[in-house]
Amino acid sequence: MTHRNIKAYQRALVLVQDIRKSTQRVGLDHPTLDQIIRSSLSITANIAEGAGRQGAKERAHFYNIARASVLETYSHFEVIAPERKVDPQKLSRWMLELEELSKMLFGLMRRQMECLPNRNADKPMG
């Protein structure tokens with residue numbers, strides 16, 4: 001499966017491009033802006049890297065990293081929200097999209113983990 005066919009990647013790509021375009025001239029300090037751009041870019045990068053991995057465990061690992069980047073980006077938005085330098089409605093839409101991406105990535109991780117052999121199947125219960 002190529003990363004371009006993954007719905008979470010497609011949605012993350014649109015989001016990251018909008019974030020980059022919309023935050024260029026909003027007056028955020030350079031370190032904060034840099035962190036927002038880097039964490040949001042990490043979402044798409046890790047989805048793509050995960051899709052390129054052969055094993056389900058490796059794919060799940062990179063989807064988990066992408067999900068962590070979603071949460072990091074979300075936290076940056078929580079920090080800058082009171083400053084109102086970014087349009088509050090846009091920020092709210094981004095945060096909702098990040099919440100959806102988090103759910104989608106969790107689903108991708110779960111599906112990959114379901115592909116792994118059940119190592120506890122041979123162990124007696126109790």
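About the cut-offs
Residues numbered from 1 in each chain as written. Predicted model: local features only at pLDDT ≥ 70, side-chain atom pairs only at ≥ 80, totals over all residues. Heavy atoms only, no water. Helix = DSSP H or I, 4+ residues; strand = E, 2+ residues; numbered from the N terminus. Contact = heavy atoms within 4.5 Å. Areas by Shrake-Rupley, 256 points an atom, 1.4 Å probe, with all protein chains shown as cover. Lys, Arg positive; Asp, Glu negative; His and termini not counted. Charge placed at Lys NZ, Arg CZ, Asp CG, Glu CD. Buried < 20%, exposed > 50% of the residue type's maximum accessible area, 1.4 Å probe, protein only. Expected span 1.5 Å × (residues − 1). Axes fitted to C-alpha atoms, helices over the stretch in contact; angles between N-to-C directions. Parallel < 35°, antiparallel > 145°, perpendicular 65-115°, else oblique. Left-handed = near helix turned anticlockwise from the far one by under 90°. Nonpolar A, V, L, I, M, F, W, Y, C, P; charged D, E, K, R; others polar. Core = buried A, V, L, I, M, F, W, Y, C linked by side-chain atoms within 4.5 Å.

Draft legend 1. Spotlight on the overall build of the protein. Within the protein, the secondary structure is distributed over four helices and zero strands. With the C-alpha coordinates aligned to their principal axes, the bounding extent of the protein is approximately 60 × 35 × 25 Å. A separation threshold of at least 6 residues defines the contact pool for the protein, and within that pool the share at least 24 residues apart is 72%. Element-wise, carbon and sulfur atoms account for 51% of the exposed surface of the protein, whose accessible area totals about 7900 Å². Separation of charge centres in the protein, based on 20 positive and 14 negative side chains, amounts to 5 Å.

Draft legend 2. Highlighting unusual backbone geometry. Notably, R84 is not glycine yet its phi reads approximately 55 degrees, a positive angle. Considering the arrangement of structural elements, one finds R84 in the loop between helix 3 (56-80) and helix 4 (88-114). Take R84: its relative accessible area is 60%, and that puts it in the exposed class.

Draft legend 3. Summary view of helix 2 (residues 30-51). In a regular helix each residue adds 1.5 Å, so 22 residues correspond to 32 Å; helix 2 covers 32 Å between its end C-alpha atoms and thus fits that length. When we look at burial in helix 2, the residues that qualify are L33, I36, I37, S39, S40, S42, I43, T44, N46, I47, G50 and A51. Its buried side turned inward, helix 2 meets helix 1 (7-23), helix 3 and helix 4.

Draft legend 4. Looking closely at the environment of V16. Positionally, V16 belongs in helix 1. Looking at V16, the relative accessible area reads 3%, which means it is buried. Through-space distance from the C-alpha of V16 to that of R38 is 9.8 Å; in sequence the pair is 22 residues apart.

Draft legend 5. Representation of the packing of helix 1 against helix 4 within the structure. Interaxial distance between helix 1 and helix 4 falls to 10 Å at its minimum, and their mutual angle equals 155 degrees. For the element pair helix 1 / helix 4, the angle class is roughly antiparallel. Crossing of helix 1 against helix 4: the hand is left-handed. Where helix 1 approaches helix 4, its residues K7, A8, R11, A12, L15, D18, I19, S22 and T23 are matched on the opposing element by K90, W94, E97, L98, E100, L101, M104, L105 and L108. Among the residues forming the contact of helix 1 with helix 4, the class breakdown is ten nonpolar, two polar and six charged.

Draft legend 6. Representation of the nonpolar core in the model. Counting 29 residues, the largest nonpolar core has I6, A8, I47, Y63, F77, L101 and L105 as its most contacted members. At the level of elements, helix 1, helix 2, helix 3 and helix 4 are the ones that each hand at least two residues to this core. Sorting elements by how many residues they give to this core places helix 4 first, with nine residues. Residues within four places of L105 in sequence aside, it is in contact with A8, I47, Y63, A66, R67 and V70.

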